Amino acid sequence: MIFDIPAFILGTYSVVNLGNENRKDGSTFMILSGAFALVHLVVGIYIVVKMREDRKQHVEETFNPTTALMAVNDMESGATKESINYKMFASAKTKTKRIGGVEGNTTPSAISSYNKAAVLFVIITFVWALWQCQNALDWWSSMIYRQDNALPLYMNSSSAYALLLESTKQGVDAIDYFLLQRGFDAQLYQTYCSVATVAAIINSFHDSVNLPVDSNYDPYPYATQSNILNNCTNEYVIHKNESYDGLLAAPYGLGISQTKDLLKCNLDSSVFDVTAYHLDPSIIPIEKFRQDVKKAIENPLGRAIINYDRKSVGQIGGGHWSPIGAYSRHADSFLIMDVAKYKYPNAWIPTAKLYASLQTFDQCGDWNFPDAQDALNETLLYPEIDSEYTEAMSTLGCQQARRGYITIFKKYL
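Residues numbered from 1 in each chain as written. Predicted model: local features only at pLDDT ≥ 70, side-chain atom pairs only at ≥ 80, totals over all residues. Heavy atoms only, no water.

Peer 1: How should unusual backbone geometry be read in this particular structure?
Peer 2: Excluding glycine, a negative phi dihedral is what most residues carry, and trans is how most peptide bonds are arranged. Cis rather than trans, the peptide bond between Asp 218 and Pro 219 has omega equal to 15°. Cis peptide bonds are those with omega within 30 degrees of zero, and the linkage from Phe 369 to Pro 370 qualifies with -5°. Relative to the helices and strands, Pro 370 resides in the loop between strand 7 (361-366) and helix 13 (378-381). One non-glycine residue with positive phi stands out, namely Tyr 252, at about 70°. Structurally, Tyr 252 is set in the loop between helix 9 (231-236) and helix 10 (256-266). Phi is positive for Asp 332, which is not a glycine, with a value near 45°. Looking at the element boundaries, Asp 332 is found in the loop between strand 4 (319-328) and strand 5 (333-336). On the basis of relative accessible area, Asp 332 is assigned to the buried category, the value being 10%. (Helix = DSSP H or I, 4+ residues; strand = E, 2+ residues; numbered from the N terminus. Buried < 20%, exposed > 50% of the residue type's maximum accessible area, 1.4 Å probe, protein only.)

Right, here's the structure in full:
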């Protein structure tokens, strides 16, 4: 009992801190709570073992026929009450009366009820102690993934799937992971990460949008990286026709503003809210970033996509787009569903690491799209040396902009 109160207080404090996102204190006190629970478990086991030993000893002393027979023989032969055998028999008789409730004010039924209650209490506290210890071990094992210098944890290991299972048990932290499975395809080209990401988002809302029909899948509606590039995107996002694809020309790929417009060209604005965030740390602290993304992925009507720098999270490459599929509270990490499937599997990336990667700058994060590409000649459209690339960026009117994230919510109509 002496360990119950501090263990309960520490356990409650840890849960409160989890809810308040104070994970450092939460994990520390969860571990301390688990330590108290472990001590309680050990003490409980000792009590049960001791009770069994005492009961066995009492039974042996009380009902040992050899001792009783020797004591009776001593009394019949006129032995005094000082004989050793007589004392042993008298002691056993007294203990028998005490256990049976004959002596004192305790009745046998009360003794029996007390023993049952004690055993039940020990069993319950055993279960509670094991649960607390398991929570502490879970926190301890996941601490490495919350460090700023932690590498991605890829979905090709049991540890990564354990985090996904844990997120699934939370009820809401992994909803988008399953919703995105319906239309999550690898990007067609290395500059198509934004297009593949948007196609996955559109397909995940299949019950709420009129999906286009690709000739390859006719008559079944399905958003592909070809059919979501339509008349609207040709006018407002990037030029593309049978002989030319602006995504494969300088500046290569889409920035945040273009990706937002790509979403708007394919999602009815009267039904969906699309909001883009350039991650300036002076405006968007890590707590807001975490809450914005969690709010989106924990809502069946919400989605979140990110534009991050691969090098900042320990990968090879530069700027990249992908959807977010889940969040792990224990590891404080987001599951990135990488559309470059040929390069990396899905990966858990710690929030602090991901936050830092979104603060980086895209050197052509904004430009006079899509018409500025019309001013580029063949050499500048596909630059091969640094000087050609620099001239192309200047002609396009490139301006650096921070990377960031986009949230998509279906409105409650």
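Now that the structure has been shown, we can carry on.
Peer 1: I'm lost on a nonpolar patch on the surface in this one. Help?
Peer 2: Where nonpolar side chains cluster on the molecular surface, the patch consists of Leu 188, Tyr 189 and Leu 248 and spans about 280 Å² of accessible area. In this fold, Leu 188 is placed in the loop between helix 7 (175-179) and helix 8 (193-204). (Patch = residues over 30% accessible without salt bridge, like charges linked within 9 Å, V, L, I, M, F, W, Y side chains within 5 Å. Areas by Shrake-Rupley, 256 points an atom, 1.4 Å probe, with all protein chains shown as cover. Salt bridge = Lys/Arg side-chain N within 4 Å of Asp/Glu carboxyl O.)

Peer 1: Help me understand the state of the cysteines in this model?
Peer 2: Linking two cysteines covalently through their sulfur atoms gives a disulfide. Under the counting rule described, the total for this entry stands at two disulfides. Each sulfur of the disulfide joining Cys 232 and Cys 265 lies 2.0 Å from the other. Here Cys 232 and Cys 265 share a disulfide; its torsion about the S-S bond, -65°, makes the bridge left-handed. Here the residue Cys 232 occupies a position in helix 9, and Cys 265 occupies one in helix 10, the gap between them amounting to 33 residues. Here Cys 232 falls in the partly exposed class, since its relative accessible area comes to 27%. Assessed through its relative accessible area of 19%, Cys 265 is described here as buried. Here Cys 364 pairs with Cys 398 through a disulfide, and the sulfurs are 1.9 Å apart. Between Cys 364 and Cys 398, the S-S torsion sits near -65°, and that sign places the bridge as left-handed. With Cys 364 in strand 7 and Cys 398 in the loop between helix 14 (386-396) and strand 8 (399-402), this pair connects stretches of sequence that are 34 residues apart. (Disulfide = S-S within 2.5 Å.)

Peer 1: Honestly, the nonpolar core in this entry has me stumped. Any pointers?
Peer 2: One recurring pattern in soluble globular proteins is that nonpolar side chains are buried together. Within the largest apolar cluster, 59 residues are counted, with the highest numbers of intra-cluster contacts made by Leu 263, Trp 348 and Ile 408. For this core, the elements supplying multiple residues, two or more each, are helix 6 (158-169), helix 8, helix 10, strand 2 (272-278), strand 4, helix 13, helix 14 and strand 9 (404-410). The element best represented in this core is helix 8, accounting for eight residues. Ranked by size, the runner-up nonpolar core spans 22 residues in total, among them Val 293, Ile 324, Phe 334 and Tyr 405. (Core = buried A, V, L, I, M, F, W, Y, C linked by side-chain atoms within 4.5 Å.)

Peer 1: Hey, could you run me through the packing of helix 8 against helix 10 in this one?
Peer 2: Relative orientation and spacing of two packed helices are given, respectively, by the angle between their axes and the distance between those axes. For the pair helix 8 and helix 10, interaxial distance at closest approach is 10 Å and the crossing angle is 35°. Our pair here, helix 8 against helix 10, has a crossing hand that is right-handed. On the side of helix 8, the interface is formed by Ser 194, Val 195, Val 198, Ile 201 and Ile 202, while helix 10 contributes Thr 259, Leu 262, Leu 263 and Asn 266. Class assignment of the residues belonging to the contact of helix 8 with helix 10 gives a composition of six nonpolar, three polar and no charged. (Axes fitted to C-alpha atoms, helices over the stretch in contact; angles between N-to-C directions. Left-handed = near helix turned anticlockwise from the far one by under 90°. Contact = heavy atoms within 4.5 Å. Nonpolar A, V, L, I, M, F, W, Y, C, P; charged D, E, K, R; others polar.)

Peer 1: In this structure, what is going on with the packing of helix 11 (residues 286-297) against helix 12 (residues 351-358)? I would like to understand it.
Peer 2: Running from N to C, helix 11 and helix 12 point in directions that differ by 100°, and their axes come no closer than 10 Å. Between helix 11 and helix 12, the interaxial angle falls into the category roughly perpendicular. Between helix 11, through Ile 286, Phe 289 and Arg 290, and helix 12, the contact on the second element is made entirely by Thr 351, Ala 352, Leu 354, Tyr 355 and Leu 358. Partitioned by chemical class, the residues of the contact of helix 11 with helix 12 number six nonpolar, one polar and one charged. (Parallel < 35°, antiparallel > 145°, perpendicular 65-115°, else oblique.)

Peer 1: Would you explain the layout of surface pockets in this entry?
Peer 2: Once rolled over the atoms, a probe with the size of a water molecule shows which space is left empty. Volume-wise, the second largest pocket comes out at about 620 Å³. Taken together, 28 residues line the second largest pocket, and the ones lying closest to its centre are Tyr 252, Gly 318, Gly 319, His 320 and Arg 403. For the lining of the second largest pocket, the secondary structure elements donating two or more residues are helix 8, strand 4 and strand 7. (1 Å grid on protein atoms, 1.4 Å probe; cavity = no way out; pocket = protein on both sides within 12 Å on 5 of 7 lines; lining within 4 Å. Points joined across faces, edges and corners; volume = space filled by probe spheres on them.)

Peer 1: For this particular structure, what's the right way to read helix 8?
Peer 2: Three or four residues apart is the spacing at which side chains of an α-helix point the same way, because the helix has 3.6 residues per turn. Between its first and last C-alpha atoms helix 8 spans 17 Å; for 12 residues at 1.5 Å apiece the expected length is 16 Å, and the two agree. Burial analysis of helix 8 places 12 of its 12 residues in the buried class, which makes it a mostly covered element. For helix 8, the set of buried residues is Cys 193, Ser 194, Val 195, Ala 196, Thr 197, Val 198, Ala 199, Ala 200, Ile 201, Ile 202, Asn 203 and Ser 204. Taken together, the buried residues of helix 8 touch helix 7, helix 10, strand 3 (302-309), strand 4 and strand 9. (Expected span 1.5 Å × (residues − 1).)

Peer 1: Can you walk me through the confidence of the model for the chain in this structure?
Peer 2: Low-pLDDT portions of the prediction should not be read for the details of their coordinates. In this model, the chain carries a mean pLDDT of 81, and residues with pLDDT of at least 70 account for 64%. pLDDT under 50 marks residues 13-26. Its contacts with residues more than four places away, or in other chains, come to 21 contacts. Long-range and interchain partners of residues 140-148, a stretch whose pLDDT sits below 50, account for 20 contacts in this model, where long-range means more than four residues apart. (pLDDT = per-residue confidence, 0-100.)

Peer 1: So what exactly am I meant to see when it comes to the sheet that holds strand 1 (residues 153-154) here?
Peer 2: Paired through their backbone hydrogen bonds, the strands of a sheet run either parallel or antiparallel. Taken in spatial order, the seven strands of this open sheet run 1-6-5-4-3-9-2, and their pairing is antiparallel. Only two strands of the sheet have a single partner each, and these edge strands are strand 1 and strand 2. Where strand 4 lies against strand 5, four bridges are found, and the strand directions are antiparallel. By the bridge assignment for strand 5, Tyr 327 is matched with Phe 334. (Pairing = 2+ DSSP bridges.)

Peer 1: Explain the pattern of salt bridges to me, please; I cannot follow it from the model alone.
Peer 2: As a working rule, side chains carrying opposite charge can pair if their charged atoms are close by. The tally for this structure, following the rule as stated, stands at eight salt bridges. For the salt bridge of Asp 173 with Arg 329, the shortest nitrogen-to-oxygen distance reads 2.8 Å. Note that Asp 173 is positioned in the loop between helix 6 and helix 7 and Arg 329 in the loop between strand 4 and strand 5, a separation of 156 residues in sequence. The exposure class assigned to Asp 173 is buried, which follows from its relative accessible area of 0%.

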